[in-house]
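Now for the letters of each chain:
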Amino acid sequence: MGNQNIKSLVQIETKNDITELANKTFENILPHQNLNGFILMSKSPSCGVNNAKLFNATTDSLIKYTQGFFTSFLNTELPLIPLISSSKINNKQSRDHFLRILFAHFNFSELDGNLDELKLFHKKYEFILNEHTENKLGTIIQNTNRDNVSIIYQNYFSSFIKAIKQPPTKRNRVKSFKIIYIKIKEKLTYLDKKYFKYIINSYRSGKISYINIISELQFMDNKYKLEIDKTYLFCPFPYDLSNS
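What counts, and at which threshold
Residues numbered from 1 in each chain as written. Predicted model: local features only at pLDDT ≥ 70, side-chain atom pairs only at ≥ 80, totals over all residues. Heavy atoms only, no water. Helix = DSSP H or I, 4+ residues; strand = E, 2+ residues; numbered from the N terminus. Rg over C-alpha atoms; globule rule 2.2 N^0.38 Å. Buried < 20%, exposed > 50% of the residue type's maximum accessible area, 1.4 Å probe, protein only. Contact = heavy atoms within 4.5 Å. Areas by Shrake-Rupley, 256 points an atom, 1.4 Å probe, with all protein chains shown as cover. Lys, Arg positive; Asp, Glu negative; His and termini not counted. Charge placed at Lys NZ, Arg CZ, Asp CG, Glu CD. Axes fitted to C-alpha atoms, helices over the stretch in contact; angles between N-to-C directions. Parallel < 35°, antiparallel > 145°, perpendicular 65-115°, else oblique. Left-handed = near helix turned anticlockwise from the far one by under 90°. Nonpolar A, V, L, I, M, F, W, Y, C, P; charged D, E, K, R; others polar. Phe/Tyr/Trp six-rings, centres within 6.5 Å; stacked < 30°, edge-to-face > 60°.

Of the regular secondary structure elements, the chain holds 10 helices and four strands. Mapped from its N terminus to its C terminus, the chain presents α and β elements in the order α-β-β-β-α-β-α-α-α-α-α-α-α-α. At 22 Å, the chain has a C-alpha radius of gyration far larger than the 18 Å of a compact globule built from 244 residues. Seen through its principal axes, the chain has C-alpha atoms that stretch 75 × 45 × 30 Å. Counting across all 244 residues of the chain, residues that qualify as buried make up 40%. Contacts spanning at least 24 positions in sequence make up 59% of the contacts within the chain whose residues lie at least 6 apart. Per element, the accessible surface of the chain, about 14,500 Å² overall, is 52% carbon and sulfur. Across the chain, the 33 positively charged side chains and the 22 negatively charged ones have centroids separated by 10 Å.

Interhelical geometry of helix α4 (residues 115-132) versus helix α6 (residues 149-165) gives an angle of 15 degrees and a closest axis separation of 11 Å. On the basis of the axis angle, α4 is roughly parallel to α6. Where α4 crosses over α6, the two elements pack in a sense that is left-handed. Together, Leu115, Glu117, Leu118, Phe121, His122, Tyr125, Ile128, Leu129 and His132 of α4 and Val149, Ile152, Tyr153, Tyr156, Phe160, Ala163 and Ile164 of α6 make up the contact between the two elements. Tallied by class, the residues present in the contact of α4 with α6 amount to 13 nonpolar, two polar and one charged.

Under the definition given, this model contains 20 aromatic pairs. Residues Phe108 and Tyr156 carry aromatic rings whose centres are separated by 6.4 Å and whose planes lie at 10 degrees to one another, so their mutual orientation is stacked. Separated by 48 residues along the polypeptide, Phe108 in helix α3 (residues 92-109) and Tyr156 in helix α6 bring together distant segments of the chain. An angle of 45 degrees between the planes, with centres 4.8 Å apart, marks the rings of Phe121 and Tyr125 as tilted.

Next comes the structure, spelled out in structure tokens:
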């Protein structure tokens, strides 16, 4: 309940204001910085993702749908952490995108803090990043401003999560596959070069799916030892989670 600017969390039956108790509970989560993501209950007053009901405290009339208390807290205190509403977790496309962000967040948290590790992380995610946005994160690692490593990590992580949170598009994926082709074409036979171009065009036109072209690329990777399997393109997260 509340108005547009002042919100409180009130139990409907008892009219008890539990705002302070809720905020203290949320603050107890902060010391546990090894958290990598949240599945939030849809329409919950605490966890709703833009679908929690905000009522007028005087008239009990619905003002609007908004973020739940805990969701707002997370977006303020942990703005880069992956979130998904429970109403979207059964949608394969939404779930796969969330899992991709979630495991990227975890993989970054496992880095030891040196620049070489960050460069390797970026290399492993290069093709995936190209699917989401124009990939310019390499300029941060180049460190032309000669920042210390902690600043580079901070700037890179912020830019990385913002980039990968953007849903991948077919246009960006086609561009990414073309970049891969340029990188590997010298190792392919003439016929496989033609075939790779053919499957890119087939994906663009909708004749084959993303999974189809990834499977074809995995076959070529294995055939020619291209080492694409050393990146996260083929397995950005455990696929049994996607199919569960």
